[in-house]
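Examination of the molecular architecture
Each chain, letter by letter, is given below.
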Amino acid sequence: MSIRARTPADNPLLLDVWLRSVRATHDFLSENDIAELLPQVRDVYLDAVEIWVYDGPDQRPAGFIGLSDTQVEMLFLDPRWRGQGIGTRLLDHARALRGALTVDVNEHNPQAHGFYRHYGFVDVGRSPLDGQGRPFPLIHMALGETVPAA
């Protein structure tokens, strides 16, 4: 199992991971919300950020992380692979590339918030709306270069 740079051919598989991950972890989103987000993820977001893919033993993506400079824009895991340390390995990889990192976490996703806190991120702010102006509050988090990973 390895971490590698995304290729354009990965996009359909990454979109599938994204969709299954969101359905498994973002219970505050309705199916309509997900249907509205899907074309944005497919047509814009996957190509707008630097993506690193964690391949599972079957050589299919088990998870991926998307970076824009030091901002973690996305971190999604195939639900079958949650709890196996893949998210931590992807963050370790991003940290090796960038050092200090930031991330915005949906306030209504306490599992993700807990994951990032466990890794060593700290809350540094809050926004009442998400990046698209929808009423999904975000918690802004930061990880300094000297903060030890959990």
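Residues numbered from 1 in each chain as written. Predicted model: local features only at pLDDT ≥ 70, side-chain atom pairs only at ≥ 80, totals over all residues. Heavy atoms only, no water.

Confidence in the prediction for the chain averages 91 pLDDT; 95% of positions are at 70 or higher. Averaged pLDDT values over the elements of the chain bottom out at 91 in helix α2 (residues 31-48) and peak at 97 in strand β2 (residues 50-55). Predicted confidence for residues 146-150 stays below pLDDT 50, and this span has nine contacts to residues more than four positions away or in other chains. (pLDDT = per-residue confidence, 0-100. Helix = DSSP H or I, 4+ residues; strand = E, 2+ residues; numbered from the N terminus. Contact = heavy atoms within 4.5 Å.)

Going through the model one piece at a time under the given rule, you end up with one cavity of 30 Å³ or more. Taken as a whole, the largest cavity spans an internal volume of roughly 40 Å³. Lining the largest cavity are Leu13, Asp16, Val17, Arg20, Arg60, Pro61, Asp78 and Arg80. Among the elements that make up the lining of the largest cavity, the one with the highest residue count is helix α1 (residues 11-25) (four residues). (1 Å grid on protein atoms, 1.4 Å probe; cavity = no way out; pocket = protein on both sides within 12 Å on 5 of 7 lines; lining within 4 Å. Points joined across faces, edges and corners; volume = space filled by probe spheres on them.)

The volume enclosed by the largest pocket comes to roughly 1,100 Å³. Considering the residues around the largest pocket, the lining is formed by 42 residues, among which His26, Glu73, Met74, Phe76 and Asn106 are closest to the centre. Among the elements that make up the lining of the largest pocket, the one with the highest residue count is strand β4 (residues 71-77) (seven residues). Among the residues forming the lining of the largest pocket, the class breakdown is 22 nonpolar, 15 polar and five charged. (Nonpolar A, V, L, I, M, F, W, Y, C, P; charged D, E, K, R; others polar.)

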